[in-house]
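The residues making up each chain are set out below.
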Amino acid sequence: MKLLRRSSLRFLARHPGQLVLTIAGVALGVAVVVAIDLAIQSAREAFRVSTETVAGRATHQIEAGPGGLPDALFTRLRVDLGLRRTAPVVDGYASSAALPGRALRILGVDPFSEEPFRPYLAPGGGPELDVGVLLSRGGTVLLSEGTAAEAGIERGDSLTLVVGGDRRVVEVAGTLVPEGGLGQQGLRDLILTDVATAQELLDQSGRLSRIDLVLPGGGPAGGADGSPGPEEAETLSRIEALLPAGAVLRTTGTRGEQMSGMLSAFDLNLTALSLLALVFGMFLIYNAMTFSVVQRRELLGALRAVGVTRREVLRLVLGEALVTGLAGSALGLALGVVLGRGLVLLVTRTINDLYFVVSVESLSTPPSVLLKGLALGLGATLLAGLPALLEAVNAPPRASLTRSIVEDRARDLVPRAAVLGTVLGLVGTAVLLIPSRSLLLSFGGLFGILLGIALLTPLATTGLVRLFRPLLARTVGILGTMAVRGVSASLSRTAPAVAALVVAVAVTVGLGTMIASFRGTVVRWLDHTLQADI
């Protein structure tokens, strides 16, 4: 067995390009999967921390309709219903030249109502926090310590904001330094002020964005089935009777669940694209592993002839696949983390444009994502190398010494692969024709069509070779004839490469056409809608 390992190492050392190609195929596929997963996980974690920091300990929220909530509703909740643990909130967004490319969240609160919700915003809530100045002087705000440092702003400096196209100048009265486990990430890009100043900045005079509540018996607990208890149900009905048109009373977890649901389709799209990249990597792995076995067929046949068992050959080739998979997966994990740091900015920008505003300060690297990438890399390597592995083990010693047998078998498999590809293509098309809004079903149909195209590629390749052989013979001469014959003579190696190229081009053209169609539709709609000169 030691001699077999030495022969394996010597072969890999003599073919470094082939080894690099195999490792690169695994690494690139794993890197894309890991990078996209890390970017999505980081965006979700940033949204969770931001939501918990801003929502605090509220069990319920009254969310405004298009016209906002009247100030009088907060008074009625406190006086008429006796709900003391309530807090008015004015919420909106702005931008500033001091922090380019950042969406700044304006949060207007009543400091004297904040203790049950966000203790770090109550008077005396932090070592550097003096919310009394917000009430005594209009036009003052508080920034998180990190945001103020990034903008180069100190206490007493002015900050110019752009809100709804209008310029507003505010004074930075201090910084937010929360205690406990919230950290700076939850308060990043947050501008804290009092309700009146926020209403003035956002042009919402006399209106609130929402009202936070801590209700008796509120929260996840309630009935045995999760429903509210009798006391809470009565309180909820009394609150709903006071709500203006368009206002909604929700539990604090409902909004987070809605936002998470909005991200699910986006997450699934990115995951499908990352898995597609792994499929392309599998083609590279298959080619490299097949080359490795084909190049050593005579050596493996000679070893089998002198007494080396099938199990020993299996261990040899399987060991090479495992080492290659581990090396490629490890490199892919490192590369995925690096790519994730850049990709998280693009993912965050898309989420901000399409769904909601979220600020991602750091890349979250949960072990589950890394383990998933490692498992996918090893699994893809073993799956792609399985045909070569079976060929090395099951080929008789005498047949191993004859290279033409492999190509004869490959040509025999072409019609069968074409039939299977046709069936998969038809099944995938039928799945896409099913009237359903399921993304999983749609992606399953698309992958069926792509796999069918890949299996049809060898038959199409042989057909095109026969079609162009006379033309190349007349125009190029003997070199053209040799090139055409080389493609068909080495079909076991050329077919997977051509199939990978066909699938890659098909996906690229499909995505490009889809994006161009969406963009063209939006442009035509804007040209039709925005016809005014000014």
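Note that the coordinates shown come from a computational prediction; the quantities given were computed from them, not determined experimentally.

A.B. asks: Kindly report on the side chain of threonine 86, identifying the contributing residues and their values.
C.D. replies: The topology assignment puts threonine 86 in strand β3 (residues 86–94). On the accessibility criterion, threonine 86 (1% relative accessible area) is buried. Here arginine 78 takes part through its side chain, which lies 3.2 Å from a polar atom of the side chain of threonine 86. Beyond its immediate sequence surroundings of up to four residues, threonine 86 is in contact with Phe74, Arg78, Ser113, Phe117, Ile211, Asp212 and Leu213.

A.B. asks: Give me the lowdown on helix α15 (residues 478–489), citing residues and values where you can.
C.D. replies: When the terminal C-alpha atoms of α15 are compared, their 16 Å separation across 12 residues agrees well with the 16 Å that a helix rising 1.5 Å per residue should span. Within the sequence span of α15, burial applies to Gly480, Thr481 and Val484. Taken down its axis, α15 places every buried residue within 100 degrees of arc, on the same side. Turned more than 90 degrees off the buried face of α15, the exposed positions are Ile478, Leu479 and Met482.

A.B. asks: How would you summarise the nonpolar core if you had to cite specific residues and measurements?
C.D. replies: Membership of the largest hydrophobic core comes to 37 residues, with the highest contact counts inside it found for Ile62, Leu77, Ile106, Leu161, Ile211, Leu213 and Ile239. Setting aside anything within four residues of it in sequence, one finds isoleucine 239 in contact with Ile62, Leu77, Leu81, Leu83, Leu213, Leu215 and Leu249.

A.B. asks: An account of unusual backbone geometry is needed here, citing residue identities and associated values.
C.D. replies: Although it is not a glycine, aspartate 203 adopts a positive phi angle of roughly 60 degrees. For aspartate 203, the location among the structural elements is in the loop between α6 (195–202) and β9 (207–208). Of the residues examined, aspartate 203 reaches a relative accessible area of 66% and is grouped as exposed.

A.B. asks: Can you tell me about the sheet that holds strand β10 (residues 210–213), naming the residues and giving the values?
C.D. replies: Spatial strand order, β6-β7-β5-β8-β4-β3-β10-β1-β11: 9 strands in an open sheet with mixed pairing. In the strand order of this sheet, the two ends are held by β6 (158–163) and β11 (248–251), each with one partner. With direction set aside, neighbouring strand axes in the sheet form an average angle of 35 degrees. In this sheet, strand β8 (residues 190–194) lies alongside strand β4 (residues 104–109) in parallel orientation, the contact comprising 5 bridges. Along β8, the bridge assignment pairs leucine 107 with leucine 192. Docked against the sheet, α6 engages β3, β4, β5 (140–144), β6, β7 (166–176) and β8, running at close to 30 degrees with respect to β3.

A.B. asks: Just give me the short version of the pattern of salt bridges, but keep the residues and values in it.
C.D. replies: If you walk through the whole model with that rule in mind, you get 7 salt bridges. A salt bridge links aspartate 37 to lysine 372; the shortest N-O distance between them is 2.8 Å. Taken as a pair, aspartate 37 in helix α2 (residues 16–55) and lysine 372 in helix α11 (residues 367–394) lie far apart in primary sequence, 335 residues in all. Given the relative accessible area of 7%, aspartate 37 is considered buried.

A.B. asks: Please set out the environment of leucine 433 residue by residue, giving values where relevant.
C.D. replies: The residue leucine 433 is located in helix α13 (residues 404–433) in this model. In this structure leucine 433 comes out as exposed when scored by relative accessible area, which is 67%. Distance from leucine 433 to glycine 445, taken between C-alpha atoms, is 9.1 Å for residues 12 residues apart in sequence.

A.B. asks: Could you give an account of helix α1 (residues 2–14), with specific residues and numbers?
C.D. replies: Residue pairs spaced three or four apart in an α-helix point in one direction, given the helix's 3.6 residues per turn. Between its terminal C-alpha atoms α1 stretches 18 Å, which fits the 18 Å expected from 13 residues at 1.5 Å a residue. Leu4, Ser8 and Phe11 are the residues of α1 that are buried. Buried positions in α1, seen along its axis, are confined to an arc of 65 degrees and lie on one side of it. Pointing more than 90 degrees away from the buried face of α1 are the exposed residues Lys2, Leu3, Arg6, Leu9, Ala13 and Arg14.

A.B. asks: Tell me about a positive patch on the surface, and name the residues and values.
C.D. replies: Residues Lys2, Arg5, Arg6, Arg10 and Arg14 make up a contiguous surface patch of positive charge. The topology assignment puts arginine 10 in helix α1. On the accessibility criterion, arginine 10 (49% relative accessible area) is partly exposed.

Calculation notes
Residues numbered from 1 in each chain as written. Predicted model: local features only at pLDDT ≥ 70, side-chain atom pairs only at ≥ 80, totals over all residues. Heavy atoms only, no water. Helix = DSSP H or I, 4+ residues; strand = E, 2+ residues; numbered from the N terminus. Buried < 20%, exposed > 50% of the residue type's maximum accessible area, 1.4 Å probe, protein only. Polar contact = N/O pair within 3.5 Å; in protein donor to acceptor, adjacent residues only side chain to side chain. Contact = heavy atoms within 4.5 Å. Expected span 1.5 Å × (residues − 1). Arc of directions from axis to C-beta. Core = buried A, V, L, I, M, F, W, Y, C linked by side-chain atoms within 4.5 Å. Pairing = 2+ DSSP bridges. Axes fitted to C-alpha atoms, helices over the stretch in contact; angles between N-to-C directions. Salt bridge = Lys/Arg side-chain N within 4 Å of Asp/Glu carboxyl O. Patch = residues over 30% accessible without salt bridge, like charges linked within 9 Å, V, L, I, M, F, W, Y side chains within 5 Å. Areas by Shrake-Rupley, 256 points an atom, 1.4 Å probe, with all protein chains shown as cover. Lys, Arg positive; Asp, Glu negative; His and termini not counted. Charge placed at Lys NZ, Arg CZ, Asp CG, Glu CD.

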